[in-house]
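Coordinates in review
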Amino acid sequence: MRRKLVMVGNGMAGVAFMEQLLKLNPNKFELTIIGAEPHPNYNRILLSSVLAGDAKLDEIVLNDWNWYTDNGIAFYAGHSVTHIDTFGRTVRTDRGVVVPYDELVLATGSLPFMLPLPGADKEGVIAFRNIEDCHTMIEAAREYKKAVVIGGGLLGLEAARGLLNLKMDVNVVHIFDCLMERQLDRTGSKMLQAELERQGMKFLLEKQSDAILGKKRVTGLSFKDGTRVDADLIVMAVGIKPNVQLAKSSGIEVNRGIVVDDYMQTSVPGIYSLGECAEHRGVVYGLVAPLYEQGAVLSKKLAGAETSGYAGSVLSTKLKVSGANVFSAGRFGDDPGTKSLRVQDDVEGIYKKVVFQDGKVVGAVLLGDTSESSKLFSLIRGGENFAGREREVLFGASGGGIGKPSSPVDLIAEMSGNEIVCGCNGVAKDTIVEAIREKGCVSIGEIKACTKASGSCGGCKPLVEAILISTLGADSVVDAKEGICGCTTLSRDEVVEAIARMKLTTTKEAMHVLEWANPEGCSKCRPALNYYLGMLFPEEHEDELESRFVNERNHANIQKDGTFSVVPRIYGGVTTPEELKRIADVAEKYEVPLVKITGGQRIDLLGVKKEDLPAMWKDLDMPSGYAYGKALRTVKTCVGNTFCRFGTQDAIGMGIAMEKKFERLNTPAKVKLAVSGCPRNCAEATIKDLGVVAIDGGWEIYVGGNGGTRIRAADLLVRVKTEDEVLEWTGAYLQYYRETGSWNERTSEWLQRVGIGQIKESLADPDARAALLGRIEKTLNLAKDPWQQIIENDDLRKAFDALTAKPPKPASGGADSKAQASLVEKPPME
Ligand SMILES: Cc1cc2nc3c(=O)[nH]c(=O)nc-3n(C[C@H](O)[C@H](O)[C@H](O)COP(=O)(O)OP(=O)(O)OC[C@H]3O[C@@H](n4cnc5c(N)ncnc54)[C@H](O)[C@@H]3O)c2cc1C
Ligand SMILES: NC(=O)c1ccc[n+]([C@@H]2O[C@H](COP(=O)([O-])OP(=O)(O)OC[C@H]3O[C@@H](n4cnc5c(N)ncnc54)[C@H](O)[C@@H]3O)[C@@H](O)[C@H]2O)c1
Ligand code: SF4
Ligand code: FES
């Protein structure tokens, strides 16, 4: 007989514990969860993002209804446990259900603290704790305009930012003269206030609330000093209190929280507690990282695995307010016996403070640039002694620079394997690399499912993504659909819409106007913006080479020994003796160590010195094959009916026509085409981004195929009769992908995201196809061969030489050089 394990509370801490238990010993217990909220387990942390408009409610569900059934868990949603019979070992809910248990886990979380002010029960006075509160605020913002948030802590400021986004006029009332006094020293607090004021938040500091005004609904808030402020919505964010009433009334020892030992055992045998309701060694926690650590211990204990017990946690926090980056960890104050190092840059709004005791880092505050937060948190946890060389922590071993914003790719390159990347879930860099290498994860979503990294506050996403890029190469990473990168909270669509609406023309302008958190951008957003600008304004936008990856800047693929490969275009894979002779001469003249036929039916000259590139292009006198670019790569063809006895159509002619029409086309990610002369499909057209297969009396066009990391058979888009129709549909399809795809998103991913039905529908109307064709023609007419341009134009040649000169070493350069160096991607394969 399996033992009965019942858990009261269906929140983040409890369910994370349950997941661990299921992993360790799925069959040991008959499981029951009873949760007062009528929802499956959701990410409470992201309620701030929902309010700010960065996430939708249905996107924050962590475990959907099926998860409970799939794991055999009896789930009572919307039931509140009102009584525990600790002798008979049963619990009873407010809806009369009685459930027996052998082991009971109390994970009842916290309740928001509501100031007991006169009038606090008026309509329009709420807390910010759950989905319903979030709904109430969104609804209120439709009708009312004046919001007051009481409490200038993490929650209050995140609520205030969300209400600003909902176009409300927001006053934050705080009892002290410094915001976030639990996380920031005075300097940091004042700098944060200045940034938030710049964003439009107003502050009423050193105010003691006295009464809530109004008849049925709130109309204002009065203070003890006799002043008042108008309000038609008041959000109280003045802290939380552990939800202990149930435990207390059941005779379980309760102090501030439910008292537990190192194995989360309460004073009553068989009853455990974890999460915000539990008190361990006198401490009650209010952030998920320590709660997950508690869950890891309890799951091991109950599964019968060895565990050393919970010893308490060092805390770190990040404020989730766009444009106001704040990180705080450990002991950030100037206590006796501590020394601190600080950097303050009022121009850039950057403040960094590291606190030492006996040579060890015991606390830190970062404001404006929080990129070094993982590193600092690891130092605090690791306890390394820096006595006599404390400055290294802030200024680097060489003593140069004040640690300007680093790109995530640079940061993870400097991280050791055991450094924690995801603070919420305690996931180290090595664990993520292992998930990519050994478990085949190719997207943030898959890493989240595998390791939990990025699954809570989401603050570590840029780092997780950087590990993906550096492990797999940017081309193989499946784009995180949620947004562009950590520099902005805007989604891809919002960015593209804003660029189009405001007619922005340069990446710098876009980053400035759209209030990028990191004004220099990063290796992810700069090339993306450059692409979107070029796609929207092909005539006006000047391609920014410095925002492109190193291969695209060099118009050649960098190899692992630092040499380059040169691939001239060979239309449809068809060449001539003259061309072959020229290629052979060039290969001899420049002592090319390897000449190889590629999978895309072209010739690759590998091992070319960078300084030989322009001269070789000139001698070759052939167009660039774009083997390095996010562009049309190849059109592979079979021999077709010209020679093959099975062929029904001219595959070579069709392929060459397609390649000549669409060569030099910039696309969100590389695009490969193929044409087969009959359904035997020797050109493998059905695993290409777009493949054309000849049938009796016409052609079939397949789309969204992939033969790379994630093999995908293409979907049939349409059957057409003539070659002109093939060109028309191909052009319309490629332009639709260019306009709606996210930068670095292969067509196979894009198609699965958008849906083949939607694509067919968008291209079905001949007028719509004509409009798309018109726009692609405009772009194609402007496209010039990059090799030829550099050969012919001295200025461009000089710019090429300057741009492709080795980037300065990240350690000695500022932010810009770091972003430059990080725009190196793994050589893409054909
Ligand atoms: C808006 C917001 C943003 C936040 N942002 C962050 C952040 O960025 N980083 C961070 O680390 N933390 C953040 N937090 C805090 C974090 O969400 C909490 O620490 C975490 O959710 C606590 O988990 P828990 O399971 O202990 O409690 P809860 O999530 O409160 O879950 C307890 C559950 O038990 C249920 N329950 C209580 N009593 C009973 C009963 N008698 N019977 C049945 N069910 C019962 C409750 O209804 C609740 O659903 C944020 C919190 C909020 C509100
Ligand atoms: N980004 C994050 O990590 C994050 C975000 C939101 C919430 N949370 C967590 O959720 C919980 C609740 O957050 P919180 O900000 O409410 O709690 P908190 O206790 O961290 O902050 C409450 C703030 O309200 C102020 N305050 C208290 N009484 C007041 C009064 N009468 N008038 C004006 N101000 C008053 C306090 O000085 C304090 O700064 C915390 O555990 C917090 O850590 C974390
Ligand atoms: S696909 Fe058909 S036409 Fe082309 S080579 Fe193969 S058999 Fe011949
Ligand atoms: S740091 Fe919060 S999810 Fe990773």
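Residues numbered from 1 in each chain as written. Chains lettered and ligands numbered in written order. Predicted model: local features only at pLDDT ≥ 70, side-chain atom pairs only at ≥ 80, totals over all residues. Heavy atoms only, no water.

An unreviewed UniProt entry lists the protein chain under the name NAD(P)/FAD-dependent oxidoreductase, from Cohnella faecalis.

1. Regarding the overall build of the protein chain
If you tally the helices and strands in the protein chain, you get 28 helices and 37 strands. Looking at the protein chain residue by residue over its 830 residues, the buried ones come to 55%. A separation of at least 24 residues holds for 63% of the contacts in the protein chain among residues at least 6 apart in sequence. Here the protein chain has roughly 35300 Å² of accessible surface; of this, 51% comes from carbon and sulfur atoms. (Helix = DSSP H or I, 4+ residues; strand = E, 2+ residues; numbered from the N terminus. Buried < 20%, exposed > 50% of the residue type's maximum accessible area, 1.4 Å probe, protein only. Contact = heavy atoms within 4.5 Å. Areas by Shrake-Rupley, 256 points an atom, 1.4 Å probe, with all protein chains shown as cover.)

2. As for the pairing of strand β16 (residues 233–236)
The alternating pattern of β16 places Leu-233 and Val-235 on one face and Ile-234 and Met-236 on the opposite face, and all of these are buried. As defined by bridge partners, strand β9 (residues 125–127) adjoins β16 across 3 bridges and the pair is classed as parallel. Each bridged residue has a counterpart across the sheet, and for Ala-127 the counterpart in β16 is Met-236. For strand β10 (residues 146–150) and β16, the ladder comprises 4 bridges, and the chain directions are parallel. In the strand pairing of β16, Val-148 is matched with Ile-234. (Pairing = 2+ DSSP bridges.)

3. Overview of the nonpolar core
Leu-157, Leu-163, Val-170, Leu-192, Leu-196 and Leu-233 are the most contacted members of the largest nonpolar core, which totals 45 residues. Of the residues forming this core, the biggest block, 6 residues, is contributed by helix α5 (residues 154–165). Both domain 1 (3–110 + 242–303) and domain 2 (125–238) contribute no fewer than three residues apiece to this core. For Leu-233, the residues in contact, after removing those within four places along its chain, are Gly-124, Ile-126, Met-137, Ala-140, Lys-146, Ala-147, Val-148, Leu-163, Met-168, Arg-217 and Val-218. Counting 43 residues, the second largest nonpolar core, distinct from the first, contains Leu-673, Ala-683, Leu-734 and Ile-776. (Core = buried A, V, L, I, M, F, W, Y, C linked by side-chain atoms within 4.5 Å. Domains from an automatic or database assignment.)

4. Thoughts on the sheet that holds strand β29 (residues 557–558)
Reading across from one edge, β29-β30-β32-β31 is the order of the 4 strands in this open sheet, with antiparallel pairing throughout. Every other strand in the sheet has two partners, leaving β29 and β31 (594–597) as the edge strands with one partner each. As judged from the 2 bridges shared by β29 and strand β30 (residues 564–566), these two strands associate in the antiparallel manner. Across the sheet, the residue bridging to Asn-557 is Ser-565, located in β30.

5. Describing unusual backbone geometry
It is generally the case that most residues other than glycine have a negative phi and that most peptide bonds are trans. Phi is positive for Glu-206, which is not a glycine, with a value near 50°. With respect to the helices and strands, the residue Glu-206 is situated in the loop between β12 (202–204) and β13 (209–214). We note that Asp-358 has phi near 50°; this positive angle belongs to a residue other than glycine.

6. A closer look at the environment of Asp-230
With respect to the element layout, Asp-230 can be found in strand β15 (residues 228–230). Residue classification places Asp-230 among the partly exposed positions, given a relative accessible area of 40%. A C-alpha to C-alpha distance of 4.1 Å links Asp-230 and Gly-220, two positions 10 residues apart in sequence. At 3.0 Å, the side chain of Asp-230 and the side chain of Arg-228 are in polar contact. (Polar contact = N/O pair within 3.5 Å; in protein donor to acceptor, adjacent residues only side chain to side chain.)

7. Some thoughts on the site of ligand 2
Looking at ligand 2, there are 21 residues lining it, with Glu-158, Glu-181, Arg-182, Gly-239 and Lys-318 nearest. One of the backbone nitrogen or oxygen atoms of Leu-154 is found 3.4 Å away from an oxygen atom of ligand 2. Coverage of ligand 2 by the protein amounts to 86% of the 840 Å² it exposes when considered alone. It is α5 that contributes the most residues to the shell around ligand 2, 3 residues altogether. Grouping the amino acids of the shell around ligand 2 by side-chain chemistry returns 11 nonpolar, 5 polar and 5 charged. (Near = heavy atom within 4 Å. Nonpolar A, V, L, I, M, F, W, Y, C, P; charged D, E, K, R; others polar.)

8. Digging into the environment of Arg-492
Residue position: Arg-492 is located in helix α15 (residues 492–502). We classify Arg-492 as buried; its relative accessible area is 7%. C-alpha of Arg-492 to C-alpha of Cys-525: the two residues are 33 residues apart in sequence and 10.0 Å apart in space. If sequence neighbours within four positions are ignored, Arg-492 has contacts with Ile-484, Tyr-532, Met-535, Arg-738, Glu-739, Thr-740, Gly-741 and Ser-742.

9. Some details on helix α24 (residues 756–764)
Burial in α24 covers these residues: Ile-759, Ser-762 and Leu-763. Buried residues of α24 fall within an arc of 90° about the axis and therefore sit on the same side. The secondary structure elements touched by the buried residues of α24 are β37 (715–720), α22 (723–740), α23 (747–754) and α25 (766–782). (Arc of directions from axis to C-beta.)

10. Thoughts on the UniProt feature "binding site: siroheme" (unreviewed entry) in the protein chain
UniProt feature "binding site: siroheme" (unreviewed entry): in the numbering of this structure it lies at Cys-682. Judged by relative accessible area, which is 61%, Cys-682 ranks as exposed. (UniProt positions renumbered as here; feature names shortened; annotations may be inferred.)

11. What about the packing of aromatic side chains?
Scanning all chains against the criterion turns up 10 aromatic pairs. Centre to centre, the rings of Trp-617 and Trp-787 are 5.2 Å apart; their planes meet at 5°, and the pair counts as stacked. Taken together, the positions of Trp-617 in helix α20 (residues 613–620) and Trp-787 in helix α26 (residues 786–792) put the pair 170 residues apart, joining distant regions of the chain. What makes Trp-787 buried here is its relative accessible area of 1%. Look at Tyr-737 and Trp-750: their rings are 5.1 Å apart centre to centre, the planes differ by 55°, and that puts the pair in the tilted class. On the criterion of sequence distance, the pair formed by Tyr-737 in helix α22 and Trp-750 in helix α23 is long-range, its members being 13 residues apart. Here Tyr-737 and Trp-750 have matching classes, each one buried. The structure contains a cluster of three or more aromatic residues connected by ring pairs, namely Trp-65, Trp-67, Tyr-68 and Phe-75. Directly above the ring of Tyr-571 sits Lys-660, whose terminal nitrogen or CZ lies 4.7 Å from the centroid. (Phe/Tyr/Trp six-rings, centres within 6.5 Å; stacked < 30°, edge-to-face > 60°. Lys NZ or Arg CZ within 6 Å of the ring centre and 35° of its normal.)

12. Considering the side chain of Thr-266
With respect to the helices and strands, the residue Thr-266 is situated in the loop between β18 (258–260) and β19 (271–273). Polar contacts involving the side chain of Thr-266 include one to the main-chain carbonyl oxygen of Ile-271, which spans 2.8 Å. When residues no more than four places from it in sequence are discounted, the contact partners of Thr-266 are Ile-252, Ile-258, Val-259, Val-260, Ile-271, Tyr-272 and Ser-273.

13. A word on the sheet that holds strand β2 (residues 29–35)
Taken together, the 5 strands give an open sheet; going across it, the order is β3-β2-β1-β7-β19, and neighbouring strands pair in parallel fashion. The open sheet terminates on both sides in strands that have one partner only, identified here as β3 (74–77) and β19. Here the strands of the sheet are splayed against their neighbours by 15° on average, with no regard to which way each runs. Here helix α1 (residues 12–24) sits on the sheet in contact with β1 (3–8), β2 and β7 (103–106), set at roughly 155° to β1. (Axes fitted to C-alpha atoms, helices over the stretch in contact; angles between N-to-C directions.)

14. Quick word on the pairing of β31
Where β31 and strand β32 (residues 603–608) come together, 4 bridges link them in antiparallel fashion. Looking at the pairing, Val-595 lines up with Leu-605 of β32. Remark: 5 residues form the turn of the hairpin made by β31 and β32, two consecutive strands paired antiparallel; Gln-601 in that turn has positive phi of roughly 65°.

15. A few points about the environment of Cys-682
Positionally, Cys-682 belongs in the loop between β34 (671–676) and β35 (690–695). Distance from Cys-682 to Thr-637, taken between C-alpha atoms, is 8.1 Å for residues 45 residues apart in sequence.

16. Points about the side chain of Thr-507
With respect to the helices and strands, the residue Thr-507 is situated in helix α16 (residues 507–513). Since its relative accessible area comes to 4%, Thr-507 is described here as buried. Leaving out residues up to four positions away in the same chain, Thr-507 has contacts with Arg-526, Leu-529, Asn-530, Leu-533, Glu-544 and Ser-547.

17. Here's the deal with the pattern of salt bridges
Pairs may arise between side chains of opposite charge once their charged atoms sit close together. Taken as a whole, this structure holds 41 salt bridges when the rule is applied. Close ionic contact of Glu-158 with Lys-320 constitutes a salt bridge, the shortest N to O distance being 2.9 Å. Note that Glu-158 is positioned in helix α5 and Lys-320 in the loop between β22 (316–319) and β23 (326–330), a separation of 162 residues in sequence. On the basis of relative accessible area, Glu-158 is assigned to the buried category, the value being 5%. The salt bridge involving Asp-785 is made with Arg-664; its shortest N-O contact spans 3.9 Å. With a gap of 121 residues between them, Asp-785 in the loop between α25 and α26 and Arg-664 in the loop between α21 (651–662) and β34 connect regions that are remote in the sequence. A single salt-bridge network, built from bridges that share partners, covers Arg-569, Glu-659, Glu-663, Arg-664 and Asp-785. (Salt bridge = Lys/Arg side-chain N within 4 Å of Asp/Glu carboxyl O.)

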